[in-house]
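Coordinates in review
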Amino acid sequence: MASPLPLTIFLFLSLSFSARSDSPGVTSETETHLHFYFHDIVTATKPTAIRVASAPLLSTSITGFGAVVMIDDPLTEGPDEESKLIGRAQGMYALASKEEAGLLMNMNFVFIDGEYNGSTLAVLGRNTVFSDVREMPIIGGSGKFRFARGYALAKTYYWNVITGNAIVEYDVHVLHQ
Ligand SMILES: *[C@@H]1O[C@H](CO)[C@@H](O)[C@H](O)[C@H]1NC(C)=O
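Residues numbered from 1 in each chain as written. Predicted model: local features only at pLDDT ≥ 70, side-chain atom pairs only at ≥ 80, totals over all residues. Heavy atoms only, no water.

**A closer look at the overall build of the chain**
In terms of regular secondary structure, the chain is built from 1 helix and 9 strands. Traced from its N-terminal end to its C-terminal end, the chain shows the element sequence α-β-β-β-β-β-β-β-β-β. In the chain, which comprises 177 residues, the share counted as buried stands at 34%. The long-range fraction of contacts in the chain, counting pairs at least 24 apart against all pairs at least 6 apart in sequence, stands at 49%. Counting only carbon and sulfur atoms, one obtains 61% of the accessible surface of the chain, whose full area is about 10,700 Å². (Helix = DSSP H or I, 4+ residues; strand = E, 2+ residues; numbered from the N terminus. Buried < 20%, exposed > 50% of the residue type's maximum accessible area, 1.4 Å probe, protein only. Contact = heavy atoms within 4.5 Å. Areas by Shrake-Rupley, 256 points an atom, 1.4 Å probe, with all protein chains shown as cover.)

This is the structure:
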C-alpha cells in the first residue's frame, strides 16, 4: 500500500521551488555582452600585477608553479592603455599547473563607467595563457549583475616576453537579473 508521505514531500518541494522562481528578478533575465581590454602590467614604475608569493627554491619549476600574483589591472575600452578606463580587474592569479603555463584566475571585474558603474562580476577559472582562446566561468555578480552567471573568453592581444606585460582582449557573456 502506498503511503501518502512521499507525495506530500514531493508537493512541498515543488511548491517551494516555484515560490523561489517567482521571486522578483529571477524570472526576468537579461543577457549582456561586454568587450574590453585587460592590462597586466608586471614591469613598470607602477606595476598593476605584483608577485606576492612563490614556491620554495627546492620546488622551482619551468612553469612557475606555486607563484601567486595580486592584481589591480586596468580594463579599458580599446587596446591602448590610454583609451577610456571602464573598470579594474582586482584579485589574484596563481600558477597552478606543473606541466604548462596554467593559471588559476580568481578576480572581480569592478566596473566604474556608465550603467555598470559600481557593479561587479566574479571570475573563477583556468587560464592557459598560451592558448589562443581561454574560457573562464563568471560565477556571480553584484549591483546590475546580481545573480550573474556566464563565461569570459580571453585572447592575448599583446605580450612582451622580456617585461611580462600583457594586454588581453576579453569578451564576457552574462545572464543576470
Ligand atoms: C561612478 O559612481 C561613483 C560613485 O557613485 C561616482 O562618484 C562617479 O562619478 C561615477 N562615475 C561615472 C563615470 O559615472
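**A look at the pairing of strand β6 (residues 120–128)**
Within β6, 7 of the 9 residues are buried, leaving the element largely enclosed by the surrounding structure. Both strand β5 (residues 102–111) and β6 contribute to a ladder of 9 bridges, which runs antiparallel. Across the sheet, residue methionine 107 finds its bridge partner in β6, namely valine 123. Where β6 hands over to strand β7 (residues 134–142), the hairpin turn is made up of 5 residues, counted between the paired strands. (Pairing = 2+ DSSP bridges.)

**Focus on the pattern of salt bridges**
Pairs may arise between side chains of opposite charge once their charged atoms sit close together. Within this structure, the stated rule accounts for 4 salt bridges. Measuring nitrogen to oxygen at the nearest pair gives 2.6 Å for the salt bridge that ties glutamate 29 to arginine 149. Of this pair, glutamate 29 sits in the loop between α1 (5–22) and β1 (30–40) while arginine 149 sits in strand β8 (residues 149–159), placing them 120 residues apart in sequence. For arginine 149, a relative accessible area of 43% translates into the label partly exposed. Residues aspartate 72 and arginine 88 are paired through a salt bridge, measuring 2.6 Å at the closest nitrogen-oxygen approach. With aspartate 72 in strand β3 (residues 68–76) and arginine 88 in strand β4 (residues 85–95), the pair connects residues that are 16 residues apart, well separated along the chain. (Salt bridge = Lys/Arg side-chain N within 4 Å of Asp/Glu carboxyl O.)

**Describing the side chain of threonine 76**
By secondary structure assignment, the location of threonine 76 is in strand β3. Judged by relative accessible area, threonine 76 falls into the buried class, the value being 1%. Of note is the side chain of threonine 76, whose polar atom sits 2.8 Å from the side chain of histidine 39. Polar side-chain contacts of threonine 76 include one of 2.6 Å to the backbone oxygen of glycine 78. Non-local contacts of threonine 76, meaning those with residues more than four positions away in its chain, are made with Phe36, Tyr37, His39, Glu81, Ser83, Lys84, Leu85 and Ile86. (Polar contact = N/O pair within 3.5 Å; in protein donor to acceptor, adjacent residues only side chain to side chain.)

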